[in-house]
Amino acid sequence: MATKTQQQNIFIWEGKDRKGAKIKGETRSVSAALAKAELRRKGIVPTKVKKKSKPLLGNKGKKITQGDIAIFSRQMSTMMYAGVPLVQSFDIIGKGHENPAMQDLIMTIKGDVEAGNPLADALGKHAYYFDELYCNLVNAGEQAGILETLLDKIATYKEKTEAIKSKIKKAMFYPIAVIVVAFIVTAILLIFVIPQFQEMFSGFGADLPAMTLFVVALSKAFQQWWWAIFGGIGIGIYAFIETKRRSQKFNHALDRISLKLPIFGSLLTKAAIARYARTLSTMFAAGVPLVEAMTTVAGAAGNIVYSEGILRMRDEISTGSPLNQSMRMTNLFPNMVVQMVAIGEEAGSIDSMLAKVADFYEQEVDDAVDGLSSLLEPIIMAFLGVVIGGLVIAMYLPIFKMGQVV
């Protein structure tokens, strides 16, 4: 149910251009079929498209996160605004970074730039870390001579999207962590503590309360089948992760179900709208044509329902439909969002209007997470009280009954 379900992959391709010359490269897409379609749209006839293996980490094995990329973008923007030359900026940021893998990445990009390659091309060689959106914006900044401005927009975009991801993870981590802890505590009580009470109850010579009998039976089942219970849970989690990683259909089904969940569905919908608005606003402000931008926006949506809807919008826009009309036809966007985009189109300020939509929904996500946390705390406390307290009461009921008889 997380926002990573519509994750894109890097595909290595070979093909022929319009003149028949053989060319090759890399592209970022959800699937090989979509990658081929995008290449044909660019006038390239693909002859071979295969998924690229994930790159190895740095020497010390520390993972490069999107948070690292966001910080790097902000540092580059600051350096450029301060008038520091591009190559020297890489040198300063690379040597000062705490993550060895990130240091290697920055110094590799610096070497490509020093060799005379455009920054967008140097970044595009590391597409697992710098996606199509990032490279397109950098390329637009280089072409227009406003690289520092575009780097600032990229840094803001990265910071905003990472903040949304962090909020959603926070909302989902808390209840999951509590359920896991409650299960472990319950298992310990059933396997190690309840048997001690069983021995004591065996000499009572009286009928035990129904609640106690149930807990004792549950304890015996755990003692006998604990390996099957824990093994089944472990296998189930592993199967879920592997299926999620390998099966596109499973991810698509998961995305659709997640939007229909009570409470969490509304949160994920707001997050998807915020990402759509923020990404499209950033690309539109950089001067990227709308139809071309929609493909990248679809990949950044984070949910297959919205990705497919945005691709349908792209097709409608390419035939001359206004953006607001194509948004309305998907039935994925609230009327307020559609109306704001319509006003932006009429006023010629779509980028600023979309930025306002993004600000609004990002704040909605923040408020929803804070409200959800406040709501979940008493519910979780009550849940723990019922589960753990129920076990304790079940064990002490016979003792209380015996005390009343005495």
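Here the structure is a predicted model, which means the values were calculated and not measured.

1. Let's talk about helix α3 (residues 86-96)
In step 1: Looking only at α3, the buried set comprises Leu86, Ser89, Phe90, Asp91, Ile93 and Gly94.
In step 2: Elements that come into contact with the buried residues of α3 comprise α2 (66-81), α4 (100-114), α5 (119-124) and α7 (147-201).

2. Thoughts on the packing of helix α6 (residues 132-144) against α7
In step 1: With their axes 7 Å apart at the nearest point, α6 and α7 run at an angle of 160 degrees to one another. Comparing the axis directions of α6 and α7 gives the class roughly antiparallel. In terms of crossing hand, the pair formed by α6 and α7 is right-handed. Touching Leu133, Tyr134, Leu137, Val138, Gly141 and Glu142 of α6 are Leu147, Leu150, Leu151, Ile154, Tyr157 and Lys158, all from α7.
In step 2: Looking at the contact of α6 with α7 residue by residue, the class counts come to nine nonpolar, one polar and two charged.

3. Brief notes about the nonpolar core
In step 1: Of all hydrophobic cores here, the largest spans 86 residues; its most connected members are Phe130, Tyr276, Leu323 and Phe333.
In step 2: Among the elements that take part in this core, helix α15 (residues 350-405) stands out by supplying 11 residues, more than any other.
In step 3: In this view, Tyr276 contacts Met294, Val297, Ile310, Met313, Leu323, Met327, Phe333 and Leu354; residues no more than four positions away in its chain are not counted.
In step 4: If you look at the next biggest cluster of nonpolar residues, it comprises 13 residues, including Ile194, Val216, Phe222 and Ala394.

4. Let's talk about the packing of aromatic side chains
In step 1: Across all of its chains, the model carries nine aromatic pairs by this definition.
In step 2: Arranged with centres 4.8 Å apart and planes meeting at 45 degrees, the rings of Tyr276 and Phe333 form a pair that is tilted. Of the two residues, Tyr276 is situated in helix α10 (residues 264-285) and Phe333 in the loop between α13 (323-330) and α14 (335-347); the sequence distance between them amounts to 57 residues. Taken individually, Tyr276 and Phe333 each receive the classification buried, so the pair is uniform in this respect.
In step 3: Aromatic side chains Tyr306 and Phe333 sit 5.7 Å apart centroid to centroid with 80 degrees between the ring planes, which places their arrangement in the edge-to-face category. Placement of Tyr306 in helix α12 (residues 304-318) and of Phe333 in the loop between α13 and α14 is noted, with a sequence separation of 27 residues between them. As far as the burial class goes, Tyr306 and Phe333 line up, both buried.
In step 4: Put simply, the rings of Phe72, Phe90, Phe130 and Tyr134 touch in pairs and so form one group of aromatic residues.

5. What to know about the layout of surface pockets
In step 1: The computed volume of the second largest pocket comes to approximately 690 Å³.
In step 2: As for the second largest pocket, its lining consists of 25 residues, and the residues nearest its centre are Glu26, Lys42, Glu132, Cys135 and Asn136.
In step 3: Of the residues forming the lining of the second largest pocket, the biggest block, six residues, is contributed by α6.
In step 4: Split into classes, the residues belonging to the lining of the second largest pocket amount to 10 nonpolar, six polar and nine charged.

6. Some points on the confidence of the model for the protein chain
Do not read the fine detail of predicted coordinates wherever pLDDT is low.
In step 1: For the protein chain, per-residue confidence averages 80 on the pLDDT scale, and residues scoring 70 or more make up 92% of the total.
In step 2: Counting interchain partners and residues more than four positions distant, the pLDDT-below-50 stretch residues 1-6 has 23 contacts.
In step 3: The low-confidence segment residues 56-61 (pLDDT under 50) makes seven contacts with residues lying over four places distant or belonging to another chain.

7. Considerations on the pattern of salt bridges
In step 1: Under the defined criterion, the tally for this structure stands at 10 salt bridges.
In step 2: Taking the shortest distance from any N to any O, the salt bridge between Asp359 and Arg278 comes out at 2.5 Å. Here the residue Asp359 occupies a position in helix α15, and Arg278 occupies one in helix α10, the gap between them amounting to 81 residues.
In step 3: For Arg278, a relative accessible area of 8% puts it in the buried group.

8. What about the side chain of Thr295?
In step 1: Mapped onto the elements of the fold, Thr295 is located in helix α11 (residues 290-300).
In step 2: Separated by 3.0 Å, the side chains of Thr295 and Arg314 make a polar contact.
In step 3: Setting aside chain neighbours within four positions, we find Thr295 in contact with Glu38, Arg41, Leu311 and Arg314.

9. Here's the deal with the environment of Leu268
In step 1: Among the structural elements, Leu268 can be located in helix α10.
In step 2: Sequence separation between Leu268 and Ala122 is 146 residues, and the spatial gap between their C-alpha atoms is 34 Å.

10. Things to note about the packing of α12 against α13
In step 1: It is the contact of α12 with α13, at a shortest axis distance of 9 Å, that shows an interaxial angle of 140 degrees. Compared by their axis directions, α12 and α13 come out oblique. Crossing angle aside, the handedness with which α12 passes α13 is right-handed. Contact residues: Gly309, Arg312, Met313, Glu316 and Ile317 in α12; Leu323, Ser326, Met327, Met329 and Thr330 in α13.
In step 2: For the contact of α12 with α13, a count of residues per class yields five nonpolar, three polar and two charged.

11. Section: a nonpolar patch on the surface
In step 1: Where nonpolar side chains cluster on the molecular surface, the patch consists of Ile176, Val180, Ile184, Ile188 and Phe192 and spans about 480 Å² of accessible area.
In step 2: Residue Ile188 is classed as partly exposed on the basis of its relative accessible area of 43%.

12. Notes on the environment of Gly124
In step 1: As for its placement among the helices and strands, Gly124 is situated in helix α5.
In step 2: For Gly124, a relative accessible area of 26% translates into the label partly exposed.
In step 3: Separated by 200 residues in the primary sequence, Gly124 and Asn324 have C-alpha atoms spaced 32 Å apart.
In step 4: In contact with Gly124, not counting residues within four places along its chain, are Glu26 and Cys135.

Definitions and limits used
Sequence order sets the numbering: in each chain, residues are counted from 1 along the sequence as written. Per-residue local features are limited, in this predicted model, to residues with pLDDT of at least 70; the limit for side-chain atom pairs, both in listing and counting, is 80 or more; totals at the level of whole chains, interfaces and linings are taken over all residues. Hydrogens and water are ignored here; the side-chain numbers use all heavy atoms of the structure. With a 1.4 Å probe rolled over the protein chains alone, any residue whose accessible area is under 20% of its type maximum counts as buried; one over 50% counts as exposed, and the rest are partly exposed. Comment: elements are numbered from the N terminus, with helices defined as DSSP H or I runs of at least four residues and strands as E runs of at least two. Residue contacts are defined here by distance: any two heavy atoms, one from each residue, within 4.5 Å place the two residues in contact. To get an axis, a line is fitted to the C-alpha atoms, and for a helix only the part in contact is used. The angle between two axes follows their N-to-C directions and goes from 0 to 180 degrees. An angle below 35 degrees is read as roughly parallel, one above 145 as roughly antiparallel, one from 65 to 115 as roughly perpendicular, and any other as oblique. What makes a crossing left-handed is the near helix being turned counterclockwise from the far one by less than a right angle; a clockwise turn instead makes it right-handed. Residues were grouped as follows: Ala, Val, Leu, Ile, Met, Phe, Trp, Tyr, Cys and Pro as nonpolar; Asp, Glu, Lys and Arg as charged; and all remaining residues, including Gly, as polar. Within this scheme, the nonpolar core is defined by two criteria: the residues are buried Ala, Val, Leu, Ile, Met, Phe, Trp, Tyr or Cys, and they are joined through side-chain atoms within 4.5 Å. Side-chain rings of Phe, Tyr and Trp, where Trp is taken by its six-membered ring, are said to pair if the distance between their centres is within 6.5 Å; with planes under 30 degrees apart they count as stacked, over 60 as edge-to-face, and otherwise as tilted. Using only the protein atoms, space was sampled on a 1 Å grid; points where a 1.4 Å probe fits but cannot get out form cavities, open sets with protein on both sides within 12 Å along at least five of seven lines form pockets, and lining residues are those with an atom within 4 Å of a point. Grid points are joined across faces, edges and corners, and a volume is the space filled by probe spheres set on the points. One confidence number per residue, pLDDT, is output by the predictor and ranges from 0 to 100. Within this document, salt bridges are pairs made up of a side-chain nitrogen of Lys or Arg and a carboxyl oxygen of Asp or Glu, the two lying within 4 Å of each other. Contacts described as polar in this section are N or O atom pairs within 3.5 Å, which, within protein, must combine one atom able to donate a hydrogen with one able to accept it, while residues neighboring in sequence count only if both atoms come from side chains. Exposure above 30% relative accessible area and the absence of a salt bridge qualify a residue for a patch, where like charges join within 9 Å and nonpolar side chains (Val, Leu, Ile, Met, Phe, Trp, Tyr) within 5 Å. Methods summary: accessible areas were calculated by the Shrake-Rupley approach with a probe of 1.4 Å, and residue burial reflects only the protein chains presented.

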